[in-house]
Amino acid sequence: MSINLRSVLISDPVDNLCADLLISHGVPVTTKYKLSKDELIQEILKHDGLIVRSETKVTAEILAAASNLRVVGRAGTGVDNIDLQAATRKGIVVLNTPGGNSISACELTCALISALARNVSQAAQSMKEGRWDRKLFSGYELSGKTLAVLGFGRIGREVSHRMQSFGMKIICFDPMLSAEDTKKIGATKMSLNEIWPIADYITVHTPLIPQTRNLINATTLSSCKKGVKIINVARGGIVDEEALLQSLKSGHCGGAALDVFLEEPPKNPITLELIQHPKVIATPHLGASTAEAQERVAVEIAEQFLAISGTSNKYSV
Ligand code: NAD
Ligand code: MLT
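Note that the coordinates shown come from a computational prediction; the quantities given were computed from them, not determined experimentally. (Residues numbered from 1 in each chain as written. Chains lettered and ligands numbered in written order. Predicted model: local features only at pLDDT ≥ 70, side-chain atom pairs only at ≥ 80, totals over all residues. Heavy atoms only, no water.)

Let's talk about unusual backbone geometry
Note the cut-off: Secondary structure is summarised from DSSP: a helix means a run of H or I of at least four residues, a strand means a run of E of at least two, and numbering begins at the N terminus for each. The buried label goes to any residue with under 20% of its type's maximum accessible area, the exposed label to any with over 50%, and the partly exposed label to all in between, with areas taken from a 1.4 Å probe on protein chains only.
Omega for the bond connecting E264 with P265 falls within 30 degrees of zero, at -10°, which places this linkage in the cis form. Looking at the element boundaries, P265 is found in the loop between β11 (253–258) and α12 (269–276). In this model, K34 sits at a positive phi of 55°, which is unusual for a non-glycine residue. According to the relative accessible area criterion, K34 is exposed, its value standing at 79%. Here the phi dihedral of N119 falls at roughly 55°; this positive angle occurs in a residue that is not glycine. Secondary-structure assignment places N119 in the loop between α5 (102–118) and α6 (120–128). What makes N119 buried here is its relative accessible area of 18%.

Next up, the structure:
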């Protein structure tokens with residue numbers, strides 16, 4: 001299958017390597033960020049290819065209006081911001097770059113786990129405010145603690161591998177993997193009901209699908225050990241934000257590190273209160289935001305566009 005790519009729109013900040021590679025192979029590229037829905041509907045008419053990251057919402061309405069669009073690519077892991085069913089109905093090909101940013105998302109997760117254990121973020125802020133409080137920010141060692149990894153795919157496994165070097169015991173849950181598979185990577189597969197009462201830290205690395213929406217909720221949090229710490233560098237919605245806030249306020253949950261939110265940027269008062277909670281470390285969806293990951297996904301998506309247009313034979317689609 002080959003698509004004659006006459007013009008590609010890049011509507012989110014994707015590394016310049018993407019546009020450079022397409023242009024060097026004779027594919028014209030237009031770069032326009034922060035388009036309103038109406039502006040995007042007007043602009044997309046001129047293009048047969050669209051490349052996005054997270055910000056552009058490629059909804060059924062946009063796809064319906066895009067009469068010339070043949071291919072949408074996401075320079076990232078999931079395709080959450082693209083309406084797959086609507087694209088499929090119109091015969092529009094959807095591409096992404098799974099794996100291109102896994103190491104970066106894993107490294108942020110590991111950094112957040114360490115920061116939670118040692119109150120790094122709160123202590124650093126207090127110094128900037130001119131305080132010197134060694135007692136308040138005393139923390140805990142990670143060595144000997146139990147880390148539960150929910151979703152043992154690309155990122156979950158990399159996190160498991162690295163956190164074992166801190167001396168953490170890794171337990172995990174993933175319906176697609178057997179206990180033998182996870183054992184090879186040094187992790188013990190358990191049921192969720194076995195995990196809740198024994199985990200000191202719980203990090204989620206699943207896609208956001210009906211089965212994982214609110215996976216961490218009021219009931220599961222209440223089954224957890226007092227002081228449990230929750231980390232979400234996967235997708236907003238896997239952790240029920242209101243339940244997490246209540247658990248933090250009651251003192252049952254001992255801390256949380258969140259890179260992703262139900263709504264981005266967050267506007268909901270509950271999410272805003274959660275972000276302000278003293279035991280919460282919040283980052284603005286930075287999992288994939290490294291020079292290396294952004295270069296990798298930019299080149300990968302451009303190469304896939306070239307392959308689908310028959311310009312390169314690196315991938316066969
Ligand atoms: P992956 O597909 O390699 O792994 C996901 C794993 O989740 C799979 O092994 C799957 O079997 C498992 N899973 C599915 N349903 C499950 C369930 N109900 N319970 C437990 N496990 C379940 O994905 P990945 O590349 O490791 O990415 C993981 C998540 O991280 C995705 O949501 C992705 O979009 C997100 N992500 C976020 C950032 C960021 O910037 N914060 C960057 C990259 C990826
Ligand atoms: C992803 O799924 O790859 C991330 O959310 C990263 C991004 O927003 O680019």
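Some thoughts on the pairing of strand β5 (residues 93–96)
If a strand is regular, its side chains alternate between the two faces of the sheet. Let me state the cut-off plainly: By the convention used here, strands pair only if DSSP detects at least 2 bridges between them. Call a crossover right-handed when, viewed with both strands pointing away from you, the route from the first strand across the helix to the second goes clockwise.
Only one face of β5 is buried, namely the one carrying V93 and L95, since none of V94 and N96 on the opposite face is buried. In the sheet, strand β4 (residues 71–74) pairs with β5 via 4 bridges, with the strands oriented parallel. The residue bridging G73 from the neighbouring strand is L95, located in β5. At this point the chain moves from β4, through helix α4 (residues 84–89), to the parallel β5, and the crossover so formed is right-handed.

Regarding the sheet that holds strand β7 (residues 169–173)
Using the following cut-off: In this analysis, axes come from line fits to C-alpha atoms, helices being fitted only over the stretch in contact, and the angle between any two N-to-C directions falls in the range 0 to 180 degrees.
With parallel pairing, the 7 strands of this open sheet are ordered in space as β8-β7-β6-β9-β10-β11-β12. Bordering the open sheet on either side are β8 (187–189) and β12 (280–282), each of which pairs with just one other strand. Pairwise comparison of adjacent strand axes, ignoring direction, gives a mean angle of 20° for this sheet. As paired strands, β7 and β8 are joined by 3 bridges and run parallel to one another. Within β8, the residue paired with I170 across the bridge is A187.

Details of the sheet that holds strand β1 (residues 8–10)
Put simply, the rule reads: The criterion used for residue contact is that any of the two residues' heavy atoms lie within 4.5 Å.
An order of β2-β1-β3-β4-β5 is seen for the 5 strands of this open sheet, with the pairing classed as parallel. In this open sheet, the two strands that pair with only one neighbour each are β2 (29–31) and β5. Along the sheet, successive strands turn relative to each other by an average axial angle of 20°, direction set aside. Pairing geometry for strand β3 (residues 49–52) and β4, over 4 bridges, is parallel. Its bridge partner being in β4, I51 is matched across the sheet by G73. Those strands touched by helix α13 (residues 291–308) are β1, β3, β4 and β5, and its axis lies near 145° from that of β5.

So, the site of ligand 2
Put simply, the test is: Near is defined per residue: the residue qualifies when any heavy atom it owns lies within 4 Å of the molecule or strand. N or O atoms within 3.5 Å of each other form a polar contact, as long as, within protein, one can give a hydrogen and the other can take it, and as long as residues adjacent in sequence are counted only when both atoms are side-chain atoms. Accessible surface is estimated by sampling points in the Shrake-Rupley manner with a 1.4 Å probe; for residues, cover comes only from the protein chains shown. Residues are grouped as follows: nonpolar covers Ala, Val, Leu, Ile, Met, Phe, Trp, Tyr, Cys and Pro; charged covers Asp, Glu, Lys and Arg; every other residue, Gly included, is treated as polar.
As a matter of local geometry, ligand 2 sits amid R53, S54, R74, G76, T77, G78, N101, R235, H285 and A288. Take R53: an N or O atom from its side chain is 2.6 Å from an oxygen atom of ligand 2. For ligand 2, an oxygen atom lies 2.7 Å from a polar atom in the side chain of N101. For ligand 2, whose free accessible area comes to 260 Å², the fraction covered by protein is 93%. Among the residues forming the shell around ligand 2, the class breakdown is 1 nonpolar, 6 polar and 3 charged.

Things to note about the packing of helix α1 (residues 16–24) against α13
The criterion, for reference: Roughly parallel here means an angle under 35 degrees, roughly antiparallel means over 145, roughly perpendicular means 65 to 115, and every remaining angle is called oblique. Each helix crossing is assigned a hand: it is left-handed if the near helix lies turned anticlockwise from the far helix by less than a right angle, otherwise right-handed if that turn is clockwise.
Close contact between α1 and α13 brings their axes to 7 Å; oriented N to C, the two are set at 25°. By the criterion of interaxial angle, the relationship of α1 to α13 is roughly parallel. For the element pair α1 and α13, the recorded crossing hand is right-handed. Along its contact with α1, which presents L17, C18, L21 and L22, the element α13 presents E295, A298, V299, I301, A302, E303, F305 and L306. Grouping the constituent residues of the contact of α1 with α13 by class yields 10 nonpolar, no polar and 2 charged.

In short, geometric facts, not functional conclusions.
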